[in-house]
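Residue-level structural notes
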Amino acid sequence: MSGKVTREKENKKMKNTVSTLLVQKQSGDKITMLTAYDYTTAKIMDECGVNAILVGDSLGMVMLGYENTLPVTMEDMIHHTAAVSRGVENAFVVADMPFMSYQVSVQQAVTNAGRLVKEGGANAVKLEGGAEVCEQIEAIVNASIPVVAHLGLTPQSVNAFGGFKVQGKSLEKAEKLLEDAVRIQQAGACAVVLEGIPARLAQLITDKLVIPTIGIGAGNGCDGQVLVYQDMMGLTTGHTAKFVKCFAPLGSVMRDGIKEYISETKSGAFPAEEHTYAMDDAVISKLMEENQ
Ligand code: KIV
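Just so it is clear, the structure is predicted and the values come from calculations on it, not from any experiment. (Residues numbered from 1 in each chain as written. Predicted model: local features only at pLDDT ≥ 70, side-chain atom pairs only at ≥ 80, totals over all residues. Heavy atoms only, no water.)

Considering the overall build of the protein chain
Put simply, the rule is: Under the DSSP-based scheme used, a helix requires at least four consecutive residues in state H or I and a strand at least two consecutive residues in state E, with every element numbered from the N terminus. Each residue gets one of three labels from its accessible area relative to the maximum for its type: buried under 20%, exposed over 50%, partly exposed in between, using a 1.4 Å probe on protein chains only. When checking whether two residues touch, look at their non-hydrogen atoms; a contact exists if any pair is within 4.5 Å. Surface exposure here means Shrake-Rupley accessible area, sampled with a 1.4 Å probe, where a residue is shielded only by the protein chains that are shown. We treat Lys and Arg as the positive residues and Asp and Glu as the negative residues; His and chain ends play no part in the count. For the purpose of locating charges, the reference atoms are NZ of Lys, CZ of Arg, CG of Asp and CD of Glu.
Counting its regular elements, the protein chain contains 13 helices and eight strands. Each principal axis of the C-alpha atoms in the protein chain carries an extent, and together these give about 85 × 60 × 35 Å. Per-residue burial over the protein chain gives 45% buried out of 292 residues. Taking the contacts inside the protein chain whose residues are at least 6 apart along the sequence as the reference set, 58% of them involve residues at least 24 apart. Accessible surface, the protein chain: about 16100 Å² in total, of which carbon and sulfur atoms supply 56%. Across the protein chain, the 26 positively charged side chains and the 34 negatively charged ones have centroids separated by 7 Å.

Now the structure itself:
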């Protein structure tokens, strides 16, 4: 009996929280995070047991077709976060704060973070930057909303960086990133995404911080990894970054399926008998008689 209870407990997946993510760091159990932007995808990821789902403002590029993340609005983020939240039972849902939703004032940052939680159902918000956004992080955390920070190649700074370039390679830039990492932790961030930085620097930051680091293009020394869903499923066309690995070639599976659908529809092979609803012979005969 007690063996059965234990087994049932083991099989029951638990809700991921700021505390469970911290325990994962402490025990060396790597944190898995993926981006999702819709109900169906989020539900599949959640059922597979991913620890966290990021509703990234990358949705501007992979869902809405913008050149970068800058045009994404609060309404876009709330709309997609709410869809993801409806599909999730156990994953920790993190919603990105879009460009200019937190930079202008601390008050605006808290208001917008609150909307992502109240209207989007997020468990935490993520914002980009180091020392310059510590006031915002502190105020949002004081409103009982967990904050994930984001350092390194922060896409909202694409214009300031002059493109999507690896960050933290020089001593001065690496020192600044290390200092920022400590500052955001002191401000109360519960985790930090490290994007597009050298692996050895990411390892150093990971060792220095108590909070978990989640890497993307930052090597395997981080406490966890995050990938954009379209990248890891081979749905992205054109240039993909060096750090991207395709885990399932959904792009080519989709292309084959769509071509097959076009071909079968044109030839009349689809829909077949098994995809078609039947009707009583007497009813159809009467109808045909009436419509001759
Ligand atoms: O918006 C996003 O998807 C992100 C990840 C790249 C970390 O911020």
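Digging into the environment of G217
Considering the arrangement of structural elements, one finds G217 in the loop between β7 (213-216) and β8 (224-227). G217 sits 21 residues away from G196 along the chain, and the two C-alpha atoms are 4.6 Å apart. Once residues lying within four places of it in the same chain are set aside, the contact partners of G217 are G196, I197 and F243.

Some remarks on the packing of helix α7 (residues 134-142) against helix α9 (residues 171-187)
Any two packed helices are characterised by the angle at which their axes cross and by the distance between the axes. For clarity, the cut-off: To get an axis, a line is fitted to the C-alpha atoms, and for a helix only the part in contact is used. The angle between two axes follows their N-to-C directions and goes from 0 to 180 degrees. Throughout this description, any angle smaller than 35 degrees is read as roughly parallel, any larger than 145 degrees as roughly antiparallel, any in the 65 to 115 degree range as roughly perpendicular, and the remainder as oblique. Take the far helix as your reference; a near helix turned counterclockwise from it by less than a right angle gives a left-handed crossing, and one turned clockwise gives a right-handed crossing. The residue classification treats Ala, Val, Leu, Ile, Met, Phe, Trp, Tyr, Cys and Pro as nonpolar and Asp, Glu, Lys and Arg as charged. All others, Gly included, are polar.
Where α7 contacts α9, the axes come no closer than 8 Å and their chain directions differ by 25°. By the criterion of interaxial angle, the relationship of α7 to α9 is roughly parallel. Like other packed secondary-structure pairs, α7 and α9 cross with a definite hand, here right-handed. Packed against α7, whose contacting residues are C134, I137, E138 and V141, the element α9 presents R183, I184 and A187 at the interface. Across the contact of α7 with α9, the residue classes tally to five nonpolar, no polar and two charged.

Quick look at the sheet that holds strand β5 (residues 147-152)
Formally: In short, DSSP must find at least two bridges between two strands for them to pair.
Ordered in space as β1-β2-β3-β4-β5-β6-β7-β8, the eight strands form a closed barrel in which the pairing is parallel. Recorded for the sheet is a direction-independent mean angle of 25° between the axes of neighbouring strands. Alignment of strand β6 (residues 191-195) against β7, held across four bridges, turns out to be parallel. The partner of V192 across the bridge, within β7, is T213.

Some details on the site of the ligand
We count it as follows: A single heavy atom is enough: if one lies within 4 Å of a molecule or strand, its residue is considered near that molecule or strand. Polar contact criterion, stated in full: a pair of N or O atoms within 3.5 Å, where within protein one must be able to donate a hydrogen and the other to accept it, and residues adjacent in sequence count only if both atoms are side-chain atoms. With a 1 Å grid spanning the protein atoms alone, the term cavity applies to any set of points in which a 1.4 Å probe fits but cannot get out, the term pocket to an open set with protein on both sides within 12 Å along at least five of seven lines, and the term lining residue to any residue with an atom within 4 Å of a point. Whether a molecule sits in a cavity or pocket is decided by its atoms, more than half of which must lie within 2 Å of the grid points.
Inspection of the region around the ligand gives T35, L54, G56, D57, S58, D96, K126, H150, V193, E195, I216 and V228 as its neighbouring residues. D57 places a side-chain nitrogen or oxygen 3.1 Å from an oxygen atom of the ligand. In the model, an oxygen atom of the ligand is placed 2.9 Å from a nitrogen or oxygen of the K126 side chain. Computed on the free molecule, the ligand has an accessible area of 260 Å², of which 96% lies beneath the protein chains in the complex. Mapping the ligand onto the cavity grids shows that it belongs to the largest pocket. Among the residues making up the shell around the ligand, the classes are represented as four nonpolar, four polar and four charged.

Examining helix α13 (residues 281-290)
By the criterion of burial, α13 is predominantly exposed, with just zero of the 10 residues buried. Its side-chain oxygen placed 3.1 Å from the backbone nitrogen of A282, D280 serves as the N-cap of α13.

Here we look at the packing of aromatic side chains
Stated precisely, the cut-off is as follows: What counts as a ring pair is set by centres within 6.5 Å for rings of Phe, Tyr and Trp (its six-membered ring), and what kind of pair is set by the plane angle: stacked under 30 degrees, edge-to-face over 60, tilted for all other angles.
Within the structure shown, the criterion is met by one aromatic pair. Judged by centre distance (6.2 Å) and plane angle (65°), the rings of Y261 and F270 are edge-to-face. The exposure class assigned to F270 is partly exposed, which follows from its relative accessible area of 34%.

Regarding the state of the cysteines
To keep it simple, the criterion reads: By convention in this document, the label disulfide applies to cysteine sulfur atom pairs within 2.5 Å.
Applying the stated criterion to the full structure yields zero disulfides. Just so you know, C134 is unpaired, no disulfide at all, and the nearest cysteine sulfur is the one on C190, 14 Å from it. Residue class for C134 comes out buried when judged on its relative accessible area of 8%. The structure places no disulfide on C246, whose sulfur is separated from the nearest cysteine sulfur, that of C48, by 16 Å.

Examining empty space enclosed by the protein
As a reminder of what qualifies: Grid points are joined across faces, edges and corners, and a volume is the space filled by probe spheres set on the points.
Tallied over the full model, the rule gives one cavity of 30 Å³ or more. As a volume, the largest cavity reaches approximately 30 Å³. Lining the largest cavity, in full, are L21, M33, A52, F92, V94, V148, A191 and I214. Its residues placed into classes, the lining of the largest cavity shows eight nonpolar, no polar and no charged.

Considerations on the layout of surface pockets
Leftover empty space is mapped by rolling, across the atoms, a probe with the size of a water molecule. By volume, the largest pocket amounts to about 960 Å³. If you go around the largest pocket, you meet 40 residues; those closest to its centre are F164, E195, D231, A241 and F243. Every element with two or more residues in the lining of the largest pocket is listed here: α4 (59-62), β4 (124-128), β6 and α11 (229-232). Grouping the amino acids of the lining of the largest pocket by side-chain chemistry returns 19 nonpolar, 13 polar and eight charged. A volume near 480 Å³ is recorded for the second largest pocket. The wall of the second largest pocket is formed by 25 residues, among which G129, E132, T154, S157 and F161 lie closest to the centre. When residues of the lining of the second largest pocket are traced back to their parent elements, those giving at least two are β5, α8 (158-161) and α9. Among the residues forming the lining of the second largest pocket, the class breakdown is eight nonpolar, 12 polar and five charged.

Read these as spatial facts, not as claims about activity.
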